[in-house]
Amino acid sequence: MASSLGGVAAPAEGRSGDARVGRIRISLWIVVALGVVLPLLAAPALTENLSFSFYLMLWIILCTSFNLVAGFTGYMPFGYVAFYGVGAYATGVLHKTYGLPMPGALVCAALAGAAVSLLLAPTLRLKGVYFGIVSLALAVIFRLVVSMLPEDITGGSMGLILARANDPQTTYYVTVAVLAACLAAAGWLAFSRTGVALRAVRDDADAAAIVGIDVTRTRLKAWVLAATFPAVVGGLEAWYTNAIDPEASFNILVTAKVIVYSMAGGLGTLLGPVLGAGALYGIDHLIWQKFPVLNLMFLGIIIMVMILVFPRGLVGSFAQRFPLLRRYIP
Amino acid sequence: MLRVTDLTKTFGGLKALGGVSLHIPEKRVLGLLGMNGSGKTTLLNCINGLYEPSSGDIQLQGTSLLGLPTHKIAARGVGRTFQVPKLFPRMTLLENLAAPFTTGDASDAEVYERSAEWLNRVELYRLRHNYAEELSGGQQKLVELARMMVAQPKLVLLDEPFAGVNPSLALLIIRLIEAMPERDGCSVLLVSHDLTSVYQLSHNIVVLHEGRVLAEGGAAEIRSNPDVIEAYLGA
């Protein structure tokens, strides 16, 4: 059958089948996103202790947005916590020092995260471990700068107490909304042509340029989006705990956990970081309750076993084991 | 179509191209021969913007390509394949062929139709959901060719398209290159050490030697040129 383009057209059954695969993949992601968001939305009606659900949402947002830059473009920003810290401080300072209401402060935190990502955009020229090390160094520099700013603005090394902002219920529902927005943004990016361009750049930047992709601009889109959500998360946590300080806000352990959770689930897929964050944060929480002294040791052992058994993460290993099903995995 | 004028490219003290000039008319195949290190791939890298030439000019349809980044040169209709295929290994074949459409306004249906058409032409449609890394080297060459052609380029730069390819796949690649000028409407710059194929496919041939044009002409002229015989073909 000749196509309108003068070539050899795809068999009709192949065409419709492939279109169906695309629809199933998008539908599955919508189901997953609703399956995550709706129970978390209902949680306040079921329990008074919202802390677990709240932090679970934070980790899912952090891992999902981290995946945009690490899984889709191949960068490994070891200093990812810088965006989180900048967001926390933007929120805290604007609320406490300048009296901005929390929702407005959170919007400014998002803008601050985006602004910092643009400031750091030149580091995207670096590759591999060099990029990772520079981003880590920048996170340390940010922490030092924040510590040394005038105490009447940032609270110096002691940080700020945001007692007037205390409203855990509202914070929780805003976090649910941010989670929904993050999952929607990630889905939009992954299923759009930008998502194809991002993965092309990740696999081979020269080849991507050869086929007409603007590599710099494509990386920048993912970088800015990946920086905005952790900044909001930093602000949300400041709002929830009513306290910020440089050590906690720029703690490298945040980046480490984001990397481990995301990799355990499987970078490069939408499902992987959600699954990884859910599973490992759940395990982390359980271990912490049972073994408060030895929790990090047990968590480390579990992570090592997971990496050995599932080197490509839970989702990646499943896709490798069942290649016929992988086309349906969002 | 493509006019290269007095092009030079130096790497430190090494002069890889020492004033190369050549011309490819519309819908013509220009074969480019030369020993290893003669500057063939460097010339291709200069044309599609991977290298910045030291001096000289490169014009496509009368407009200079100098200073344009690679993706803008691609947008002007210059396609490229590599001696070692540069695919997107962790993407499916359909996704590989969709990559050139991430900019532009082709509809999803059109992208699919054109990708499927080209996967059919390289006889790999059945593997469309496979990752590129799962293919053999020869199949990867075919996918790279299809990915380049799906964007309907005006000029294609083929770097050793027959290297490491078995005879049946080489025959398919020859058929595809033969069809490029008339059926696909593009000009071709063909770099290959496979002399038989270059003689068969090229309307004109340029021989590079140590970064300079040693000879230019039809297949018969090149075969009998004493300088070419001495420098490249052997006694």
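Residues numbered from 1 in each chain as written. Chains lettered and ligands numbered in written order. Predicted model: local features only at pLDDT ≥ 70, side-chain atom pairs only at ≥ 80, totals over all residues. Heavy atoms only, no water.

A word on the overall build of chain B. Regarding its fold elements, chain B presents 9 helices and 10 strands. For 235 residues, the compact-globule estimate of 2.2 N^0.38 gives 18 Å, and chain B sits close to it at 18 Å. Considered along the principal axes of its C-alpha atoms, chain B spans approximately 50 × 40 × 35 Å. Burial status across chain B gives 57% buried among its 235 residues. Taking all contacts inside chain B whose residues are at least 6 apart in sequence as the whole, residues at least 24 apart take part in 65%. A total of about 9,600 Å² of accessible surface is found on chain B, and carbon and sulfur atoms cover 48% of it. One way to put it: in chain B the 22 positive side-chain charges average out to a point 2 Å from where the 25 negative ones average out. (Helix = DSSP H or I, 4+ residues; strand = E, 2+ residues; numbered from the N terminus. Rg over C-alpha atoms; globule rule 2.2 N^0.38 Å. Buried < 20%, exposed > 50% of the residue type's maximum accessible area, 1.4 Å probe, protein only. Contact = heavy atoms within 4.5 Å. Areas by Shrake-Rupley, 256 points an atom, 1.4 Å probe, with all protein chains shown as cover. Lys, Arg positive; Asp, Glu negative; His and termini not counted. Charge placed at Lys NZ, Arg CZ, Asp CG, Glu CD.)

On to the side chain of Ser262(A), then. Within the element layout of this structure, Ser262(A) appears in helix 12 (residues 252–265). Not counting residues up to four positions away in its chain, the partners in contact with Ser262(A) are Cys63(A), Phe66(A), Leu267(A) and Pro273(A).

Another point: the pattern of salt bridges. By the definition in use, this model includes 14 salt bridges over all chains. With its nearest N and O atoms 3.7 Å apart, the salt bridge here joins Arg90(B) to Asp203(A). Note that Arg90(B) is positioned in the loop between strand 6 (78–81) and helix 3 (93–98) and Asp203(A) in helix 8 (residues 193–203), a pairing that runs across two chains. Residue classification places Arg90(B) among the partly exposed positions, given a relative accessible area of 43%. Here Glu110(B) ties to Arg114(B) by a salt bridge, and the two come within 3.0 Å at their closest N and O atoms. Here Glu110(B) and its partner Arg114(B) are both found in helix 4 (residues 108–121), 4 residues apart, which amounts to about one turn of the helix. Since its relative accessible area comes to 30%, Glu110(B) is described here as partly exposed. Since its relative accessible area comes to 10%, Arg114(B) is described here as buried. A single network of salt bridges, built from pairs that share partners, joins Arg202(A), Asp203(A) and Arg90(B). (Salt bridge = Lys/Arg side-chain N within 4 Å of Asp/Glu carboxyl O.)

We now examine the interface of chain B and chain A. The interface of chain B with chain A comprises 42 residues on the first partner and 32 residues on the second. Between chain B and chain A, the buried area comes to about 3,200 Å², and carbon and sulfur atoms account for 56% of it. Here chain B and chain A share 6 salt bridges between them. On inspection of chain B and its partner chain A, the count reaches 11 residue pairs in polar contact (both at pLDDT 80 or more). Sorting the residues of the side of chain B that touches chain A by element identifies helix 2 (70–75), strand 6, helix 3 and helix 4 of chain B as the ones contributing at least two each. If you tally residues by element for the side of chain B that touches chain A, the top one is helix 4 of chain B, at 9 residues. By residue class, the composition of the side of chain B that touches chain A is 18 nonpolar, 10 polar and 14 charged. (Buried area = accessible area lost by both parts, 1.4 Å probe. Polar contact = N/O pair within 3.5 Å; in protein donor to acceptor, adjacent residues only side chain to side chain. Nonpolar A, V, L, I, M, F, W, Y, C, P; charged D, E, K, R; others polar.)

Below, the discussion takes up the packing of aromatic side chains. The full count for this structure, using the stated rule, is 15 aromatic pairs over all chains. Ring plane angle 20° and centroid distance 5.2 Å describe the contact between Phe52(A) and Tyr281(A), whose orientation is recorded as stacked. Of this pair, Phe52(A) sits in helix 2 (residues 51–73) while Tyr281(A) is found in helix 13 (residues 271–290), placing the two residues 229 residues apart along the sequence. Residue classification places Tyr281(A) among the buried positions, given a relative accessible area of 9%. Ring pairs connect the aromatic residues Phe66(A), Tyr75(A), Tyr80(A), Phe83(A), Phe131(A) and Trp223(A), which therefore count as one cluster. Its guanidinium or amino end placed over the ring of Phe82(B), Arg80(B) lies 4.1 Å from that ring's centre, counting from NZ or CZ. Across the ring face of Trp118(B), the terminal group of Arg121(B) is positioned such that the distance to the ring centre comes to 4.0 Å. (Phe/Tyr/Trp six-rings, centres within 6.5 Å; stacked < 30°, edge-to-face > 60°. Lys NZ or Arg CZ within 6 Å of the ring centre and 35° of its normal.)

With that out of the way, let us pick up the domain arrangement of chain B. Residues and elements named next belong to chain B. Segmenting chain B into domains produces domain 1 (2–77 + 153–233) and domain 2 (86–152). Computed from C-alpha atoms alone, the centre-to-centre distance between domain 1 and domain 2 is 24 Å. It is Pro 153, Leu 172 and Leu 176 that lose the most area in domain 1 upon contact with domain 2, and together they represent 39% of the buried surface on that side. Our enumeration of links across domain 1 and domain 2 arrives at 2 salt bridges. Here Glu 123 and Arg 175 are joined by a salt bridge, their closest N and O atoms 3.9 Å apart. Here domain 1 is connected to domain 2 by 2 residue pairs in polar contact (both at pLDDT 80 or more). The dominant element in the side of domain 1 that touches domain 2, judged by the number of residues it contributes, is helix 6 (residues 167–179), at 6 residues. Taken together, the residues that form the side of domain 1 that touches domain 2 break down as 13 nonpolar, no polar and 6 charged. (Domains from an automatic or database assignment.)

The next thing to look at is the sheet that holds strand 4 (residues 55–60) of chain B. Residues and elements named next belong to chain B. Reading across from one edge, 2-1-4-5 is the order of the 4 strands in this open sheet, with antiparallel pairing throughout. What marks the edges here is a single partner per strand, and that holds for strand 2 (14–24) and strand 5 (63–64). Sheet strands touched by helix 1 (residues 40–47): strand 1 (2–11), strand 2 and strand 4. Its angle to strand 1, the strand with the most contacts, is close to 115°. (Pairing = 2+ DSSP bridges. Axes fitted to C-alpha atoms, helices over the stretch in contact; angles between N-to-C directions.)

Residues and elements named next belong to chain A. Judged by side-chain polarity, Phe 291, Val 293, Leu 294, Met 297, Ile 301, Met 304, Val 305, Leu 308, Val 309 and Phe 310 come together as a nonpolar surface patch covering roughly 990 Å² of accessible area. One can find Val 305 in helix 14 (residues 295–309). Judged by its relative accessible area of 44%, Val 305 is partly exposed. (Patch = residues over 30% accessible without salt bridge, like charges linked within 9 Å, V, L, I, M, F, W, Y side chains within 5 Å.)

Further remarks concern the environment of Ala82(A). Residue and element names in this part refer to chain A. Here Ala 82 shows up in helix 3 (residues 81–97). With 60 residues separating them in the primary sequence, Ala 82 and Phe 142 have C-alpha atoms 6.7 Å apart. Contact partners of Ala 82, with chain neighbours within four places excluded, come to Ala 139, Phe 142 and Phe 250.

Next up on the list: the packing of helix 2 of chain A against helix 12 of chain A. Angle between the axes and distance between the axes: these two values describe a pair of packed helices. Residue and element names in this part refer to chain A. Closest axis-to-axis distance for the helix 2/helix 12 pair is 9 Å, and the angle between their directions is 75°. Between helix 2 and helix 12, the angle falls in the class roughly perpendicular. Judged by residue contacts, Trp 59, Leu 62, Cys 63 and Phe 66 of helix 2 engage Val 254, Lys 257, Val 258, Ile 259, Tyr 261 and Ser 262 from helix 12. (Parallel < 35°, antiparallel > 145°, perpendicular 65-115°, else oblique.)

Let's shift gears to the confidence of the model for chain B. Of the residues in chain B, 99% reach a pLDDT of 70 or more, and the chain-wide mean stands at 92. The ipTM value of the predicted complex is 0.90, and its pTM value is 0.86. (pLDDT = per-residue confidence, 0-100.)

Here we take up helix 13 of chain A. For helix 13 of chain A, built from 20 residues, the straight-helix expectation of 28 Å at 1.5 Å per residue is met to within 8% by its first-to-last C-alpha distance of 29 Å. Of all the positions in helix 13 of chain A, only Gly272(A), Pro273(A), Val274(A), Gly276(A), Ala277(A), Leu280(A), Tyr281(A), Gly282(A), Asp284(A) and Ile287(A) are classed as buried. (Expected span 1.5 Å × (residues − 1).)

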